[in-house]
Amino acid sequence: MSKRTLEQAFNAVFHEKESFNDFCVMSQSQEVLAFSVNSRDLVRPSVRLKKYLRFIDKVVLRYLKRADDVVHSYIKGKSALTAVQAHAGNSHFFITDIQAFFPNITNVDVREILTRNEANVPISDIKEYIPLLVGMMTWQGVLPVGFPTSPQLSNAFLLNFDQKLSRYCASRGYIYTRYSDDIVISAQAFDGFEHLSETIQLLLDSAASPLLMLNDDKTRFTHTGNKVKVLGLVVTQGGKVTIDSKYKRQLEILLHFYVTDRKRFNRVLGETLTGKEHSLFGLLHYARSIDPEYLEKLQRKYGAYALRSLMEDKWHG
């Protein structure tokens, strides 16, 4: 792989419409808006800083080594769906997540990520610019939620942890996948699952950072026969991945009124989805992406015309 300097990569991306010197001397403190939502601290980079961070993501971070066999977050062609599908043939599930994941990845960790990936990144003078890049990609000493560089750094940060947990699981016949801070492990039998929380916490301490802690409130065991909900999706007893029943109820009520009573449809639509995370347009496309067979069932029941009309009208609902 041929390498070029960071300045050469910068000029190739921006076609000299941006100054590399300005990139190097930018004052980050003037380019970040810090705010809180529901007691959660967030930051928003300026248009200028976001442009620079996307450049770093493109020419540096895409080359960071990560555990592609188990990681499903922030990777093209992978998603929460693929993370769950890997477990669909099993009957016992362990689900947990890491508390305050991004904010517990420090600037020291980011420096170590870049240093250990120097040979992988096709920038010949990357070592010279590591302090600059670390300062640009962190905020108040930690990895911020809201920077476009944070996702790939988080994947690379857990490389050693992912590899060790993957080997541990494979030796016991378990399946392990991770989606950002969500950890999912499954197996055909419950044997050994009672030790998973302790094992994972020990691996986080030794292979990632002692700052990372599992969220006890979100740690649970479940099995088929119960409602198995993983990353917002449902695994049926037959090993099928589908959307939550609450969304199915919403869709079927709305489609019923759409084909039988438009006035009531409009009223129920406002009561059901206004201000919620899904529009009807979005919910239908979400259902199709997760469980196309379910959407075909809706089409047979309520008519192809109704489904096509609603899925083509992104402003409806």
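Everything discussed here concerns the structure shown above.
Just so it is clear, the structure is predicted and the values come from calculations on it, not from any experiment.

The rules we used
Residues numbered from 1 in each chain as written. Predicted model: local features only at pLDDT ≥ 70, side-chain atom pairs only at ≥ 80, totals over all residues. Heavy atoms only, no water. Helix = DSSP H or I, 4+ residues; strand = E, 2+ residues; numbered from the N terminus. Buried < 20%, exposed > 50% of the residue type's maximum accessible area, 1.4 Å probe, protein only. Contact = heavy atoms within 4.5 Å. Areas by Shrake-Rupley, 256 points an atom, 1.4 Å probe, with all protein chains shown as cover. Pairing = 2+ DSSP bridges. Axes fitted to C-alpha atoms, helices over the stretch in contact; angles between N-to-C directions. Parallel < 35°, antiparallel > 145°, perpendicular 65-115°, else oblique. Left-handed = near helix turned anticlockwise from the far one by under 90°. Nonpolar A, V, L, I, M, F, W, Y, C, P; charged D, E, K, R; others polar. Salt bridge = Lys/Arg side-chain N within 4 Å of Asp/Glu carboxyl O.

Structural notes on the overall build of the protein
And step 1. Across its full length, the protein holds 14 helices and 9 strands.
And step 2. Taking the principal axes of the C-alpha coordinates as reference, the protein spans close to 65 × 50 × 40 Å.
And step 3. Evaluated residue by residue, the protein yields a buried proportion of 46% over its 317 residues.
And step 4. Restricting the contact set of the protein to residue pairs at least 6 apart, pairs at least 24 apart contribute 70%.
And step 5. For the protein, the accessible surface area stands at approximately 16,200 Å², while carbon and sulfur atoms represent 49% of it.

Looking at the environment of phenylalanine 23
And step 1. Looking at the element boundaries, phenylalanine 23 is found in helix 2 (residues 20-25).
And step 2. Through-space distance from the C-alpha of phenylalanine 23 to that of threonine 219 is 43 Å; in sequence the pair is 196 residues apart.
And step 3. Leaving out residues up to four positions away in the same chain, phenylalanine 23 has contacts with Leu6, Phe10, Tyr52, Phe55, Ile56, Leu132, Leu133 and Met136.

A short note on the sheet that holds strand 9 (residues 241-242)
And step 1. As summarised here, the arrangement of the 3 strands in space is 7-8-9, forming an open sheet in which the pairing is antiparallel. Of all the strands in the sheet, just strand 7 (228-230) and strand 9 have a single pairing partner and so form its edges.
And step 2. Sheet analysis places strand 8 (residues 233-235) next to strand 9, joined by 2 bridges and oriented antiparallel. When the bridges of strand 9 are listed, valine 234 appears paired with threonine 242.

Quick word on the packing of helix 5 (residues 107-116) against helix 6 (residues 126-137)
And step 1. Taken N-terminus to C-terminus, the directions of helix 5 and helix 6 make an angle of 135 degrees; their axes are 10 Å apart at the nearest point. In terms of their interaxial angle, helix 5 and helix 6 are classed as oblique. Judged by the sense of rotation from one axis to the other, the crossing of helix 5 with helix 6 is right-handed. Mapping the contact onto sequence places Asn107, Val110, Arg111, Leu114 and Thr115 in helix 5 and Ile130, Pro131, Leu133, Val134 and Met137 in helix 6.
And step 2. Here the contact of helix 5 with helix 6 is built from residues that sort into 7 nonpolar, 2 polar and 1 charged.

Considering the packing of helix 12 (residues 280-290) against helix 13 (residues 292-302)
And step 1. It is at 5 Å that the axes of helix 12 and helix 13 come closest, and there the two elements cross at 125 degrees. The angle between the axes of helix 12 and helix 13 places the two elements in the oblique class. Residues Leu284, Ala287, Arg288 and Ile290 of helix 12 lie in contact with helix 13, whose contacting residues are Pro292, Tyr294 and Leu295.
And step 2. Split into classes, the residues belonging to the contact of helix 12 with helix 13 amount to 6 nonpolar, no polar and 1 charged.

Some points on the pattern of salt bridges
Pairing is possible between side chains that carry opposite charge, provided their charged atoms lie close to one another.
And step 1. Scanning the entire structure with this criterion turns up 10 salt bridges.
And step 2. Glutamate 112 is the salt-bridge partner of arginine 116, the closest N and O atoms lying 2.5 Å from each other. Note that arginine 116 and glutamate 112 are positioned in helix 5 at a spacing of 4 residues, about one turn of the helix.
And step 3. Glutamate 112 sits in the partly exposed class, given a relative accessible area of 40%.
And step 4. Between lysine 240 and glutamate 293 there is a salt bridge, and its shortest N-O distance comes to 3.1 Å. Here glutamate 293 lies in helix 13 and lysine 240 lies in the loop between strand 8 and strand 9, a separation of 53 residues in the sequence.
And step 5. Look at lysine 240 and you get partly exposed, because its relative accessible area is 30%.

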